[in-house]
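Given next are the chains, with one letter for each unit.
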Amino acid sequence: MKRVLVVGGALLLGLSAVWASPESVKQVQTLMKGNGRNAGALSAMVKGEKSYDQATVDTALAQFEDTAKKLPSLFPDSAKGLKPEGDYHTSPKVWEDKAGFEAKIASFAKTVGEAKTKVKDLDTLKATLPVVGKECGGCHETFRVKNG
């Protein structure tokens, strides 16, 4: 009886890992789409296409911060090699250089945290957004691959 429970538990754990992979991929895609929308809103302010709005800035930075908190747990080993629909997929380097990946996320989180305290008007947004963008894009350069 114990053996049946152990085997059954192991199978459930294995299945949950397989089920978690597509779900974690969807979560990453949702976070990245949110980042893109928010970065676009901030960029429109910097370009003068939209008026400066502190609530929009605060919402964007909060979403970036949420992304940084969630990302480290969204790349289980079971997601390695998955190539979802869309323009990009995760590079194997996420798993090959887990420490480097987590360091990039930590650096992004730190930059976003600093931005939350600095950005209070259009001038500080103009000075800070490129720094945030560089941190965000730096991770993409190493840990993201264009689907081809």
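S.K.: Tell me about the overall build of the chain, and name the residues and values.
M.R.: Within the chain, the regular secondary structure consists of five helices and two strands. Its helices and strands taken in sequence order, the chain reads α-α-β-α-α-α-β from the N to the C terminus. Considering the chain as a whole, with its 148 residues, one finds that 28% of them fall into the buried category. Counted over contacts in the chain with a minimum sequence separation of 6, partners at least 24 positions apart contribute 74%. Carbon and sulfur atoms form 60% of the exposed surface of the chain, whose accessible area is close to 9200 Å².

S.K.: How would you sum up the nonpolar core? Please name residues and give values.
M.R.: Within the largest apolar cluster, 26 residues are counted, with the highest numbers of intra-cluster contacts made by Leu 42, Val 57, Phe 64, Phe 75, Phe 101 and Leu 125. Not counting chain neighbours up to four residues away, the residues in contact with Val 57 comprise Leu 42, Met 45, Tyr 52, Val 119 and Leu 125.

Calculation notes
Residues numbered from 1 in each chain as written. Predicted model: local features only at pLDDT ≥ 70, side-chain atom pairs only at ≥ 80, totals over all residues. Heavy atoms only, no water. Helix = DSSP H or I, 4+ residues; strand = E, 2+ residues; numbered from the N terminus. Buried < 20%, exposed > 50% of the residue type's maximum accessible area, 1.4 Å probe, protein only. Contact = heavy atoms within 4.5 Å. Areas by Shrake-Rupley, 256 points an atom, 1.4 Å probe, with all protein chains shown as cover. Core = buried A, V, L, I, M, F, W, Y, C linked by side-chain atoms within 4.5 Å.

Function cannot be read off these values alone, since they describe shape.
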